[in-house]
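Next come the chains, spelled out residue by residue.
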Amino acid sequence: MKPQRHEVFLMCPPGHFEVSYVINPWMEGNVALGDQALAARQWQALRDGLRQVAEVREMPSAAGLPDMVFTANGGLVLEDKVVLSRFRHAERQGEEAHFAGWFAEQGLRVLRMPDAIAFEGAGDALLDRQSELLWMGYGHRTDVRAAPLIAGWLDIEVQSLQLADPRFYHLDTCFCPLEGGHVMYYPAAFDTASQKAIACRVPQQRRIVVGEQDALDFACNTVNAGRHVFLNRASPPLRAQLEDKGFEVHETPLSEFMKAGGAAKCLTLKLTEPRRRAANAGR
Ligand code: ARG
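Position numbers for residues count from 1 along each chain, tracking the sequence in the order it is written. Only residues with pLDDT of 70 or above have their local features reported here, since the model is predicted, and side-chain atom pairs are shown and tallied only from 80 upward, although totals for entire chains, interfaces and linings are computed over all residues. To obtain the side-chain values, all non-hydrogen atoms of the structure were used and water was disregarded.

What exactly am I supposed to notice about the nonpolar core here?
One recurring pattern in soluble globular proteins is that nonpolar side chains are buried together. We define a nonpolar core as any set of buried Ala, Val, Leu, Ile, Met, Phe, Trp, Tyr and Cys residues linked to one another through side-chain atoms lying within 4.5 Å. Summary of the burial criterion: residues with accessible area below 20% of their type's maximum are buried, those above 50% are exposed, and those between are partly exposed, where the area comes from a 1.4 Å probe applied to protein chains only. With 32 residues, the main nonpolar core has Phe175, Met184, Phe190 and Leu242 as its most contacted residues. Contacts: residue pairs with any heavy atoms within 4.5 Å of one another. Ignoring anything within four residues of it in the chain, the contact list for Met184 reads Cys174, Phe175, Cys176, Leu178, Ile208, Val210, Ala219, Cys220, Thr222, Leu238 and Leu242. Core analysis: the next-biggest nonpolar cluster, separate from the first, contains 30 residues, Phe9, Val69, Phe230 and Cys266 among them.

Here is the structure:
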């Protein structure tokens, strides 16, 4: 595996990771049941795999902020700007200052949401990999009013999608834009209008529909770097579909993080997000 181009991902080691509160259905019944040594090994395996094909930068973890390991939620990066998250739950709001400081140190321009508008970064805002389009989820965490603000600040078209199943509370738990304009998703996580919007924007041959079991295994929570995809688990039929589209599938078990409601993609934030304008001539 060789890096195909220079892609950079942000990760935060799980030194302070644990399930110590419940803010999504996955965390229920898992408080204080984590195995920290196993979490560390699983995190390192993901990082080391990703390092084979991309650069990984690490930010320090912080005591009392166990979910900061999920860097996808720190903000949304496009070119040299980052829209900082404003977490819905008080338990995660302390992360905002850490992410803001780290982003500013990297030279990114940090944009902030108004206080009353929740926004959970690249957990709920995913750039299409072919078109100049931002897919945004709402209904559980991110406020629907975040979409027009971000569209204006980043000068990008936004397609909002309503999330309908509490188990799939962030967009990146059930939807994943992939290189080449493919989109892997679990349709039942969305309301009917949003399912139609996806079908309207993405031609059938580029839709990779995931079944419930794969969705519950966090298959849609995939890190994509070039033709490589890293995920917790994929059933043989899903693996075959991905391979058929030219992807190399790397399974990397993340059971400890699933106890907190996250997996591969949540544990990373892509920092290199160029504009897709040149490729925007259509799919
Ligand atoms: N416990 C975290 C939360 O509920 C998990 C976040 C997972 N991140 C993600 N991008 N889906 O906020």
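When you look at the sheet that holds strand 13 (residues 228–231) in this model, what are you seeing that I'm missing?
The strands that make up a sheet pair up through hydrogen bonds in the backbone, lying either parallel or antiparallel. Ordered in space as 12-13-14, the three strands form an open sheet in which the pairing is mixed. The open sheet terminates on both sides in strands that have one partner only, identified here as strand 12 (223–225) and strand 14 (248–251). Averaged over all adjacent pairs, the angle separating strand axes in this sheet is 20 degrees, with direction ignored. Here the rule is simple: two strands pair whenever DSSP picks up at least two bridges between them. Runs of H or I in DSSP of at least four residues are treated as helices and runs of E of at least two as strands, each being numbered from the N terminus. Bridging between strand 13 and strand 14 involves four bridges; their strand directions are parallel. For Phe230, the partnering residue across the bridge sits in strand 14 and is His250. The strands touched by helix 7 (residues 236–244) within the sheet are strand 13 and strand 14, with strand 14 carrying the most contacts at an inclination of about 145 degrees. Here the axes come from fitting lines to C-alpha atoms, over the contacting stretch only for helices, and the angles between their N-to-C directions go from 0 to 180 degrees.

Would you explain the sheet that holds strand 8 (residues 157–162) in this entry?
Taken together, the three strands give an open sheet; going across it, the order is 6-7-8, and neighbouring strands pair in mixed fashion. Lying at the two open borders of the sheet, with one neighbouring strand each, are strand 6 (125–127) and strand 8. When the angles between neighbouring strand axes are averaged without regard to direction, this sheet yields 25 degrees. Pairing analysis gives three bridges linking strand 6 to strand 7 (residues 133–138), with the strands arranged antiparallel. Opposite Ala125, over in strand 7, you have Met136 as the bridge partner. Along the sheet, helix 4 (residues 146–154) contacts strand 7 and strand 8; its crossing angle with strand 7, the most-contacted strand, is approximately 160 degrees. Where helix 5 (residues 192–201) meets the sheet, it contacts strand 7 and strand 8, and its direction lies at approximately 140 degrees from that of strand 8.

Hey, could you run me through the site of the ligand in this one?
Around the ligand, the structure places 17 residues, and the nearest of them are Asn24, Asp67, Arg92, Arg141 and Asp172. Distance and chemistry together define a polar contact, namely a pair of N or O atoms within 3.5 Å, with one atom able to donate a hydrogen and the other to accept it when in protein, and with adjacent residues in sequence counting only for side-chain atoms on both sides. Take Asp67: an N or O atom from its side chain is 2.8 Å from a nitrogen atom of the ligand. At 2.8 Å, a side-chain N or O of Asp172 approaches a nitrogen atom of the ligand. Relative to its unbound accessible area of 350 Å², the ligand is 100% covered by the protein chains. By the convention adopted, Pro, Cys, Tyr, Trp, Phe, Met, Ile, Leu, Val and Ala count as nonpolar, Lys, Arg, Asp and Glu as charged, and the other residues, Gly among them, as polar. Classifying every residue of the shell around the ligand gives seven nonpolar, six polar and four charged. Residues are classed as near a molecule or strand on a simple rule: at least one heavy atom within 4 Å of it. All accessibility values rest on the Shrake-Rupley procedure with a 1.4 Å probe; residue burial counts only the protein chains present in the view.

Whenever I open this one, the state of the cysteines confuses me. Can you help?
What we call a disulfide is simply a covalent bond connecting the sulfur atoms of a pair of cysteines. Here, a disulfide means two cysteine sulfur atoms that sit within 2.5 Å of each other. By the definition in use, this model includes zero disulfides. With no disulfide of its own, Cys176 lies 7.3 Å from the sulfur of Cys220, the closest cysteine sulfur. Here Cys220 stays free of any disulfide, with the sulfur of Cys174 as its closest cysteine sulfur at 6.6 Å.

How do you make sense of helix 4 when you look at a structure like this?
Within helix 4, the full set of buried residues consists of Ala146, Ala147, Ile150 and Leu154. Along the long axis of helix 4, the arc covered by the buried residues comes to 95 degrees, so they all point the same way. Exposed residues pointing more than 90 degrees away from the buried face of helix 4 are listed as Pro148 and Gly152. Next to the buried residues of helix 4 lie strand 3 (75–78), strand 4 (81–84), strand 5 (109–112), strand 7 and strand 8. A positive phi of about 50 degrees marks Asp155, the residue just after helix 4. Throughout, the arc means that of the directions going from the helix axis to the C-beta atoms.

Sorry, what's going on with the pairing of strand 10 (residues 182–185) here?
Consecutive side chains of a regular strand alternate in pointing toward one face of the sheet and then the other. Of the two faces of strand 10, the one holding His182 and Met184 and the one holding Val183 and Tyr185 are both buried throughout. When strand 9 (residues 175–178) meets strand 10, the two strands line up antiparallel, connected through four bridges. Of the residues in strand 10, the one forming a bridge with Pro177 is Val183. Linkage of strand 9 to strand 10, two consecutive antiparallel strands, is achieved through a turn of three residues, within which Gly180 is found at a positive phi near 85 degrees. Sheet topology places strand 10 next to strand 11 (residues 207–209); three bridges connect them, and they run parallel. Pairing of Tyr185 across the sheet is with Val209, part of strand 11. Classification remark: right-handed applies to a crossover when, strands pointing away from the viewer, the course from the first strand over the helix to the second runs clockwise. Once you follow strand 10 into helix 5 and on to strand 11, the crossover reads as right-handed.

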